[in-house]
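Results of the structural survey
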Amino acid sequence: MIRLPRSIRLPAAAFLASSAILLSACSAPAPAERVTVATPPAKQVANAGAEQDSGFTIAVLPDTQNYLDYTHQMAEGFPFDANELFLEQMQYIAHNLESEGGDIAFVTSLGDVWQHQTLAMDPEHAARGFKSVPNPIMNAHLAPSDKTLTVEMPKAHEGFSLIAGKTPFSVVPGNHDYDAMWTDAKFPPKATSPAEVDMNDLAGSLGVLHPGGLENFRSVFGAETEFFKDKPWYVSSHDGGADSAQVFEAGGYRFLHIGLQFDPPNDTLAWAASVMEAYPGLPTIISTHDYLRQDGERAPNAIVDGHAVDPIHNSPQMVWEKLISQNEQIFLVLCGHQHGQAWRVDDNAAGRKVWQVLADYQDRGQTAIEAGVQSAWPVGIGDGWMRLMRLEFDGETPLMRVKTYSTHYRKLSRETEQYADWYKAREQPHLSDEAFHDEDDFVIELSDFVDRFGQSARVVAD
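Anyway, here's the lowdown on the structure attached to this text. (Residues numbered from 1 in each chain as written. Predicted model: local features only at pLDDT ≥ 70, side-chain atom pairs only at ≥ 80, totals over all residues. Heavy atoms only, no water.)

This paragraph deals with the pattern of salt bridges. Applying the stated criterion across every chain, the model contains 27 salt bridges. Linking Arg352 and Glu328 is a salt bridge whose minimum nitrogen-to-oxygen distance equals 3.3 Å. Highlighted residues: Arg352 in the loop between β11 (340–347) and β12 (353–360) and Glu328 in the loop between α13 (316–324) and β10 (330–335), separated in sequence by 24 residues. Since its relative accessible area comes to 18%, Arg352 is described here as buried. Residue Arg364 is joined to Glu427 by a salt bridge in which the shortest nitrogen-to-oxygen separation is 2.7 Å. Here the residue Arg364 occupies a position in the loop between β12 and α14 (366–370), and Glu427 occupies one in helix α15 (residues 419–427), the gap between them amounting to 63 residues. Each of the two residues, Arg364 as well as Glu427, counts as buried. One salt-bridge network, held together by shared partners, links Lys403, Arg414, Glu434, Asp438 and Asp441. (Salt bridge = Lys/Arg side-chain N within 4 Å of Asp/Glu carboxyl O. Helix = DSSP H or I, 4+ residues; strand = E, 2+ residues; numbered from the N terminus. Buried < 20%, exposed > 50% of the residue type's maximum accessible area, 1.4 Å probe, protein only.)

If you want it as structure tokens, here you go:
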């Protein structure tokens, strides 16, 4: 998602001067050199509070774009290389994979892996007659750059190479991972300077952006890349790997995971339904970039509304209505894109529970503050925060323990004394400190899991 403030964040005055220097850094000295050391095992972290070891962990990587952003590296004058935090996350995951004696059985990246695009508009949208308009505010930060190809994408490949061949994993494209992202002529911006931005009408002020083209994404994460080609667990793909499916075994069950591209079109949804038909009865997890807002509603961000610009794309609510609610075996949906956290549970058309969980920490910039970065608007980095979701099946009712862990601070969110002071005001200012902790550290009872999948997906020991 675009790094933009929401109406409940700091007042508009704080945003006015930010556009020119949002990504700038001060001349403070670089922090002490970071070293990678052994961190607590994911089994220990995700199982904090559990009576005994059971089940397995899914590692969830929300938007990593600010780590890989070429402007957030020392070569561009930033006081530290933010991509080191991304590599720390990938090293932590690699160290704690089941194949390495750890607890992580599956890894899912929720999109916006990198930050910038390389084209003003992709050829397909240009051929269909789409037009772009100038957007001085957004273009100042998101202009296409060749450094996407030379800095951001290679570092993404380096990070995922740490887990390649060691575990099943999925990466879905977020809007930033597309070849182009332009301001559509049907939704031109009214604001020509930060002082004209109406915080209550961001789409009107800033216009509506639209992504297009997936050649960059396919070159790193496509179905024919070394990451996925001929892997037995990579069972299906669509659109060159923009959509993909994986099967893995963990916790005594066989699972199906399906990754969907940004605001997936109908052909993507039809493909996903066909994959579930080919693997009937398996508990199915959906990962997609754009799905929940921070208030728990299934709605797009106003300035990156794929359906509004191009009706072939489905909005989050349409994805629910057309695919998720209509397929009984989907029990969990994971998403990023919208800064913050939320979760909800709904009954699908068959009366079965579907848990839907948002996590996106790209706005968190305590690491930048500690490094001396000065800006009129806080510079988002991510601070190493990620989700560890542990599924346990030894009790009468299976549980999903959701923990939020920073590989930089090497602490769980609830164990971090300053956590609410650092992040609550920008993410959930209406909550108490304890309630804010509960947003990133909670337990879900998978109340109908055994009834749904106990016969069809249990792995029978030889």
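Moving on to the environment of Phe442. On the secondary structure map, Phe442 appears in strand β16 (residues 442–445). In the structure, Phe442 is positioned 42 residues away from Met400 in sequence and 8.5 Å away in space, judged by C-alpha atoms. If sequence neighbours within four positions are ignored, Phe442 has contacts with Trp343, Arg387, Met400, Arg401 and Val402. (Contact = heavy atoms within 4.5 Å.)

Tracing the backbone through its elements, the reader meets His289 in the loop between β9 (284–288) and α12 (306–309). Owing to a relative accessible area of 0%, His289 belongs among the buried residues under this scheme. Only 3.1 Å separates the side chain of His289 from the side chain of Asp112, close enough to count as a polar contact. Within the structure, the side chain of His289 is placed 3.2 Å from the side chain of Asn175, a separation counted as a polar contact. (Polar contact = N/O pair within 3.5 Å; in protein donor to acceptor, adjacent residues only side chain to side chain.)

What follows concerns the packing of α15 against helix α16 (residues 433–440). α16 packs onto α15 with a crossing angle of 85 degrees between their chain directions and a minimal axis gap of 10 Å. Considered as vectors, α15 and α16 are oriented roughly perpendicular to each other. Residues Tyr419, Ala420, Tyr423, Lys424 and Glu427 of α15 touch α16, and the partners they reach there are Asp433, Phe436, His437 and Asp440. For the contact of α15 with α16, the residue count by class is four nonpolar, one polar and four charged. (Axes fitted to C-alpha atoms, helices over the stretch in contact; angles between N-to-C directions. Parallel < 35°, antiparallel > 145°, perpendicular 65-115°, else oblique. Nonpolar A, V, L, I, M, F, W, Y, C, P; charged D, E, K, R; others polar.)

Ile93, Val107, Phe160, Ile163, Phe169, Phe221 and Ile381 are the most contacted members of the largest nonpolar core, which has 58 residues in total. For this core, the leading source of residues is helix α5 (residues 83–95), giving seven residues. The residues contacting Ile381, other than those within four sequence positions of it, are Asn66, Tyr67, His72, Phe78, Phe80, Ala82, Leu85, Gln362, Arg364, Gly365, Thr367 and Ala368. Judged by nonpolar contacts, the second largest core, of 51 residues, contains Ala250, Trp271, Leu282 and Ile285. (Core = buried A, V, L, I, M, F, W, Y, C linked by side-chain atoms within 4.5 Å.)

Functional significance is not addressed by these values, which are geometric in nature.
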